[in-house]
Amino acid sequence: MLEDIMVRKQLEQQLLKIKREIEVLNMKEEKLIKMKRLINRVIENDLEQKEISLINKQVKAIGKQVDMLRATNQYGKFTKKNIIRRQ
């Protein structure tokens, strides 16, 4: 009986961890899709250099956010140490 309760709690903890990981993956996917749209905009349109530079800055900023999400997903809870480990 006690063992059943312990197993149940462990499974609940695993489920919560999986749900958090799915949330992080969904956020990464949204950001990657946004990056793809921005990059395709540059490739498919005849844009001025100023606009290309602006889009490039946006893509780099989103890329940093994706890196932070990767660190969160890889090392668990997000902390400044996690980012340092990745660099």
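Located above this text is the structure these notes cover.
A brief look at the structure comes next. (Residues numbered from 1 in each chain as written. Predicted model: local features only at pLDDT ≥ 70, side-chain atom pairs only at ≥ 80, totals over all residues. Heavy atoms only, no water.)

### Points about the overall build of the chain
Here comes step 1: Scanning the chain for helices and strands turns up three helices and zero strands.
Here comes step 2: Listing each helix as α and each strand as β along the chain from the N terminus yields α-α-α.
Here comes step 3: Here the chain holds 87 residues, and 17% of them are scored as buried.
Here comes step 4: When contacts within the chain are restricted to residue pairs at least 6 apart in sequence, those whose partners lie at least 24 apart make up 47%.
Here comes step 5: Surface summary for the chain: the accessible area is close to 7800 Å², and the carbon and sulfur share equals 55%. (Helix = DSSP H or I, 4+ residues; strand = E, 2+ residues; numbered from the N terminus. Buried < 20%, exposed > 50% of the residue type's maximum accessible area, 1.4 Å probe, protein only. Contact = heavy atoms within 4.5 Å. Areas by Shrake-Rupley, 256 points an atom, 1.4 Å probe, with all protein chains shown as cover.)

### Remarks on the pattern of salt bridges
Here comes step 1: For the coordinates displayed, the defined rule picks out three salt bridges.
Here comes step 2: A salt bridge links R70 to D67, with the nearest nitrogen and oxygen atoms 3.2 Å apart. Of this pair, R70 and D67 both sit in helix α2 (residues 49-75), separated by three residues, roughly a single helical turn.
Here comes step 3: The class for D67 is partly exposed, based on a relative accessible area of 34%. (Salt bridge = Lys/Arg side-chain N within 4 Å of Asp/Glu carboxyl O.)

### Some thoughts on the nonpolar core
Here comes step 1: Membership of the largest hydrophobic core is limited to seven residues, which are M35, L38, L47, I55, V59, I62 and V66.
Here comes step 2: Every element with two or more residues in this core is listed here: α1 (2-44) and α2.
Here comes step 3: With four residues, the single largest contributor to this core is α2.
Here comes step 4: Contacts of V66, omitting those with residues within four sequence positions, involve K31, L32 and M35. (Core = buried A, V, L, I, M, F, W, Y, C linked by side-chain atoms within 4.5 Å.)

### Some details on the environment of L69
Here comes step 1: Tracing the sequence through the fold places L69 in helix α2.
Here comes step 2: Once the C-alpha coordinates of L69 and V24 are considered, the two residues, 45 residues apart in sequence, prove to be 6.5 Å apart.
Here comes step 3: Residues in contact with L69, not counting those within four places in the same chain, are V24, M27, K28 and K31.

### A few points about the environment of Q65
Here comes step 1: Counting through the fold element by element, Q65 comes out in helix α2.
Here comes step 2: Since its relative accessible area comes to 32%, Q65 is described here as partly exposed.
Here comes step 3: With 34 residues separating them along the chain, Q65 and K31 place their C-alpha atoms 8.0 Å apart.
Here comes step 4: At 2.8 Å, the side chain of Q65 forms a polar contact with the side chain of K31. (Polar contact = N/O pair within 3.5 Å; in protein donor to acceptor, adjacent residues only side chain to side chain.)

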